[in-house]
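# An overview of the molecular structure
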Amino acid sequence: MKYLEVKNNENITSINDTDTCLYLKNKVRVTTYYTSGASGYQNYGAALDSGKACALAYDMSAVKNAPFDWYVNVSIPILDRKEGEAYLYVISSKHEIPITNLYEEKIGGFVATIRFACHKNENIQQLLEGLTIYVYSTDIPNDGNVGMQVFDHDKNIVFNSNKYCLRIIDVVNKIYNIGVEYKKEEFTVPKRQYNTELIGSTLVRTTTMHGNTNVFQTAHIGEKTIEVVPEIYRKEMFTNRRTNYLNLFVCDLSNTQDFPVDVNGHI
């Protein structure tokens, strides 16, 4: 802080003139249309609410005795991001759904990919329609005629009260140190419930191998709950020598329901 600092009732700094807040830039939902063949989902197409196409892929689980039958990847093109701008992705869901990954990758251009697990008898259409991807940006617009704006020493805007800023209400940060063997329950985060209208979560995790143990964690995200479950926990013949971690930011998404969805068909 140099000139301004605002703290909440828990004495935690929420705004100052040296840190940049993240604002809600895009909100995207996916609608998918598919036909099923004799051996599963063979012909399919996907679109966003705007009607713009996005990539959708079904992967049959190749792991013996896997806890799920299918893994669904939804990839949304990143076209609006400026040079120097950074994104943070937050997922919300109307239905409790196991999210296995959320990441950026380069397929031609950059895309944001969400990966979740399901069973053959589940309604994929319903699960997808319940998912919303919130895109938060570091590039805060300087607009609006009322409210409060905060600038840093270089006159860059770091907070704008006219925008929906990221509100983190809980953090899950678990470190699994190299050379330490952990029990299955230590890869679990018991279900947490939040007294708010709607939550979302980020998801960052490293490899599924810790030492010689294959640990497949999924984040079960609901409208007001989150839980992390190790769906697979078993010993393997090879060893991965690295420290692993799981990191979740649980975000309060209350009052964002009226934020426009999928204006451009990309993020």
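Anything mentioned here points back to the structure above.
Quantities reported herein were computed from a predicted structural model and do not represent experimental measurements.

Right, let's get into the pairing of strand 17 (residues 209-221). Side-chain positions along a regular strand alternate between the two faces of the sheet. Counting buried positions along strand 17 yields eleven of 13 residues, so the element is predominantly enclosed. Both strand 8 (residues 97-107) and strand 17 contribute to a ladder of three bridges, which runs antiparallel. Note on strand 17: the bridge partner recorded for I99 is A219. Pairing of strand 17 with strand 18 (residues 225-240), which is carried by ten bridges, proceeds in the antiparallel orientation. If you follow T213 over to strand 18, its bridge partner there is K235. Joining the antiparallel neighbours strand 17 and strand 18 is a turn of three residues.

Let us look at the layout of surface pockets. The volume enclosed by the second largest pocket comes to roughly 160 Å³. As for the second largest pocket, its lining consists of K27, R29, S92, S93, K94, G130, T132, Y134, L198, E223 and Q257. Secondary-structure elements contributing two or more residues to the lining of the second largest pocket are strand 3 (23-37), strand 7 (87-93) and strand 10 (131-137).

Before going further, it helps to spend a moment on the pattern of salt bridges. Per the stated rule, a full pass over the model turns up seven salt bridges. Note that D170 is salt-bridged to R192, the shortest N-O span being 2.8 Å. Of this pair, D170 sits in strand 13 (residues 168-176) while R192 sits in strand 14 (residues 189-193); the two residues are 22 residues apart in sequence, bridging distant segments of the chain. With a relative accessible area of 18%, D170 lands in the buried category.

Looking now at the nonpolar core. Within the largest apolar cluster, 40 residues are counted, with the highest numbers of intra-cluster contacts made by Y89, I99, I114, F116, L131, L246 and I267. With near-sequence residues (within four places) excluded, I99 lies in contact with I91, I114, R115, F116, L131, L203, T218, A219 and I221. L22, Y134, L198 and C251 belong to the second-largest nonpolar core, a separate cluster that totals ten residues.

Before going further, it helps to examine the packing of aromatic side chains. Across all of its chains, the model carries seven aromatic pairs by this definition. Summarising the aromatic geometry, the rings of Y71 and F216 are spaced 6.0 Å apart at their centres and angled 70° between planes, so their arrangement reads as edge-to-face. Taken together, the positions of Y71 in strand 6 (residues 70-77) and F216 in strand 17 put the pair 145 residues apart, joining distant regions of the chain. The burial state of Y71 is the same as that of F216; both residues are buried.

Basis of the calculations
Residues numbered from 1 in each chain as written. Predicted model: local features only at pLDDT ≥ 70, side-chain atom pairs only at ≥ 80, totals over all residues. Heavy atoms only, no water. Buried < 20%, exposed > 50% of the residue type's maximum accessible area, 1.4 Å probe, protein only. Helix = DSSP H or I, 4+ residues; strand = E, 2+ residues; numbered from the N terminus. Pairing = 2+ DSSP bridges. 1 Å grid on protein atoms, 1.4 Å probe; cavity = no way out; pocket = protein on both sides within 12 Å on 5 of 7 lines; lining within 4 Å. Points joined across faces, edges and corners; volume = space filled by probe spheres on them. Salt bridge = Lys/Arg side-chain N within 4 Å of Asp/Glu carboxyl O. Core = buried A, V, L, I, M, F, W, Y, C linked by side-chain atoms within 4.5 Å. Contact = heavy atoms within 4.5 Å. Phe/Tyr/Trp six-rings, centres within 6.5 Å; stacked < 30°, edge-to-face > 60°.

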